[in-house]
2 protein chains.
Amino acid sequence: MNEKALYDLTYGLFLVGTKADGKENACITNTVIQLASSPARVSLSCINGNLTPELIKKSGRFTVTILDETAPFSLFESFGLKHGRDTDKFAGYNVQYDEAGMPYIKNSACAVLSCRVLSYEDLGSHTLFIAEVTDAEKLSFVRPVTYAQYHTEIKPQKKQEQKEKKQIGWRCEICGYVYEDNDLPDDFVCPWCGHPKDDFEPLYED
Amino acid sequence: MNEKALYDLTYGLFLVGTKADGKENACITNTVIQLASSPARVSLSCINGNLTPELIKKSGRFTVTILDETAPFSLFESFGLKHGRDTDKFAGYNVQYDEAGMPYIKNSACAVLSCRVLSYEDLGSHTLFIAEVTDAEKLSFVRPVTYAQYHTEIKPQKKQEQKEKKQIGWRCEICGYVYEDNDLPDDFVCPWCGHPKDDFEPLYED
């Protein structure tokens, strides 16, 4: 069994933005799916504990920026590997706002959807939001980026030179969590995102 | 609101194959999603009334061939626009079988998954299958094809010359259902797949 074959199950990559209580935040996800077409409805699954789902529950609104093939790794670093509670993830980006006042960006974006939450359900590790698409706009005709492309073309590949560096721990490739010990147990599960040891990469000293 | 912006919500395109009671069949879908990683689990949503979900309920097994960017329109015609009850969809293809005896093809495929059904739920128009991935194999390193690419690059675009031909009805772009009248009501819903008028294209005489 080659677990990497599952990377070929294609998903898009999206920037989900929201704003509540004066705080705006966004996160990277691959979990936006269209459920119905008239009226257009989507679902979104978010890891519990993160700031974005907490704000979406308050605002009842979110944007989905559909990222395209030009998306640089720095965009995934800004929105996917940092934490909104500590930082302003939008710093340095030209933030746009939809009619409901929800933030999004036009960088490396081929479309943006405005969504209004109809219901949500706590599924343990994740919250599933069901939302109506209240607006949808094409931003470019560049192809949407896929999760497979992120793994093979966007994410920096492990460098040979790192083998000469001292390993200082492991980092979760999904959410950025750092395990500060070189001995990562086989049954270890990421406390932030619930992903297993297979999704961790060695972390080397700078 | 530009409904076509929703086409950018990226999905892969998959050939789901199964076999029961000596009959093998397959269909095209964009609804395979990984749910969990250890053990690897996926979900698959199938339109009720079609042969594939009926056979999957009997066999408890299916394959997912992950199609790549080289997939020709003819493959989508063979498996997506024909009906397994009338035809042998695999005719003309070099059928492969996984360890459980379930059929798949290696044409334009970058990976294949073998799946064992754990449970299924009738959701009205669709049945949702939850399955364990019992095997996974990489078949090529060609990029997986996306639903967006199918719309923009694979599906034949409407030809100018067709404007000179006589229209004889409408065809559902999703499942191939033909409405044999030029006056398609605005609230029409495809009786085979449940998609609305927006997903129908004019059908012209040959």
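Residues numbered from 1 in each chain as written. Chains lettered and ligands numbered in written order. Predicted model: local features only at pLDDT ≥ 70, side-chain atom pairs only at ≥ 80, totals over all residues.

### Description of the overall build of chain A
- Within chain A one finds three helices and 12 strands.
- Long-range contacts, defined here as pairs at least 24 residues apart, represent 66% of the contacts in chain A between residues at least 6 apart. (Helix = DSSP H or I, 4+ residues; strand = E, 2+ residues; numbered from the N terminus. Contact = placed C-beta atoms within 7 Å.)

### What about the sheet that holds strand β12 (residues 200–204) of chain A?
All names here are of chain A.
- Across the sheet, three strands lie side by side as β11-β10-β12; this open sheet has antiparallel pairing. Since the sheet does not close on itself, it has two edges, and those belong to β11 (178–179) and β12, each with one partner.
- Pairing between strand β10 (residues 167–172) and β12: five bridges, direction antiparallel. Bridge assignment links Cys172 to a residue of β12, and that residue is Phe200. (Pairing = 2+ DSSP bridges.)

### Some details on the nonpolar core
Residue and element names in this part refer to chain B.
- Grouped together as the largest cluster of nonpolar side chains are 41 residues, with contacts concentrated most on Leu15, Val64 and Ala111.
- At six residues, the largest contribution of residues to this core is made by strand β8 (residues 109–122).
- Once residues lying within four places of it in the same chain are set aside, the contact partners of Val64 are Phe14, Val16, Val32, Val112, Leu113 and Cys115. (Core = buried A, V, L, I, M, F, W, Y, C linked by C-beta atoms within 7 Å. Buried ≥ 20, exposed ≤ 12 C-beta atoms within 10 Å, placed from the backbone.)

### Focus on the interface of chain B and chain A
- Taken together, the 32 residues of chain B in the interface contact 33 residues of chain A.
- When contributions to the side of chain B that touches chain A are tallied by element, the ones reaching two or more residues are β3 (32–37), β8, β9 (126–138) and α3 (147–154) of chain B.
- With five residues, β9 of chain B is the single largest residue contributor to the side of chain B that touches chain A.
- Classifying every residue of the side of chain B that touches chain A gives 16 nonpolar, nine polar and seven charged. (Nonpolar A, V, L, I, M, F, W, Y, C, P; charged D, E, K, R; others polar.)

### Quick notes on the environment of Ala148 of chain A
- Within the secondary structure, Ala148 of chain A is located in helix α3 (residues 147–154).
- Distance in space between the C-alpha atoms of Ala148 of chain A and Leu6 of chain A is 9.3 Å, their sequence separation being 142 residues.
- The residues contacting Ala148 of chain A, other than those within four sequence positions of it, are Tyr7, Asp8 and Thr10 of chain A together with Arg143 and Pro144 of chain B.

### Quick notes on the relation of the copies chain B and chain A
- When chain B is fitted onto chain A, the two copies agree to an RMSD of 0.1 Å after a turn of 180 degrees and an axial shift of 0.0 Å. Accordingly, the operation relating the two chain copies is best matched by a two-fold axis. Taking the C-alpha atom as reference, chain B places Tyr11 of chain B closest to the rotation axis, 2.5 Å from it.
- The overlap is high: 100% of the interface residues of chain B also sit at the interface in chain A, so the same surface is used on both sides. (Least-squares fit on C-alpha atoms with pLDDT ≥ 70 in both.)

### Brief notes about the pairing of strand β3 (residues 32–37) of chain A
Residue and element names in this part refer to chain A.
- Bridging between β3 and strand β4 (residues 40–47) involves five bridges; their strand directions are antiparallel. Each bridged residue has a counterpart across the sheet, and for Ala36 the counterpart in β4 is Arg41.
- In this structure, the hairpin formed by β3 and β4 is closed by a connection of two residues.

### Quick word on the pairing of strand β2 (residues 23–29) of chain A
All names here are of chain A.
- Counting buried positions along β2 gives six out of seven residues, so the element sits mostly inside the fold.
- Where strand β1 (residues 14–20) lies against β2, seven bridges are found, and the strand directions are antiparallel. Bridge pairing in β2 places Gly17 opposite Ala26.
- With antiparallel pairing between neighbouring strands as the criterion, β1 and β2 make up a hairpin whose turn holds two residues, including Asp21 at a positive phi of roughly 55 degrees.

### Some details on the sheet that holds β9 of chain B
All names here are of chain B.
- As summarised here, the arrangement of the seven strands in space is β2-β1-β5-β8-β9-β4-β3, forming an open sheet in which the pairing is antiparallel. Each of the sheet's edge strands pairs with one partner strand only, and the pair in question is β2 (23–29) and β3. Here the strands of the sheet are splayed against their neighbours by 30 degrees on average, with no regard to which way each runs.
- When strand β1 (residues 14–20) meets strand β5 (residues 61–67), the two strands line up antiparallel, connected through four bridges. In the sheet register, Phe14 faces β5, and the bridge partner there is Ile66.
- Most of the contacts of helix α1 (residues 51–59) go to β1, to which it runs at about 55 degrees, and overall it touches β1, β2, β4 (40–47), β5, β8 and β9. (Axes fitted to C-alpha atoms, helices over the stretch in contact; angles between N-to-C directions.)

### Re α1 of chain B
- Buried within α1 of chain B we find Thr52, Pro53, Leu55 and Ile56 of chain B. Burial along α1 of chain B is one-sided: seen end-on, the buried residues are contained in an arc of 160 degrees. (Arc of directions from axis to C-beta.)

### Quick notes on helix α2 (residues 73–80) of chain A
Residues and elements named next belong to chain A.
- Within the span of α2, buried status applies to Leu75, Ser78 and Phe79. Take α2 and look down its axis: the buried residues cluster within an arc of 80 degrees, on one side only.
- Those residues of α2 hidden inside the fold are in contact with β1 and β2.

### Some remarks on the environment of Lys82 of chain B
Residues and elements named next belong to chain B.
- Among the structural elements, Lys82 can be located in the loop between α2 (73–80) and β6 (96–97).
- Among the residues examined, Lys82 registers 15 C-beta atoms within 10 Å and is labelled partly exposed.
- Measuring from C-alpha to C-alpha, the distance between Lys82 and Tyr177 comes to 9.7 Å, with 95 residues separating the pair along the chain.

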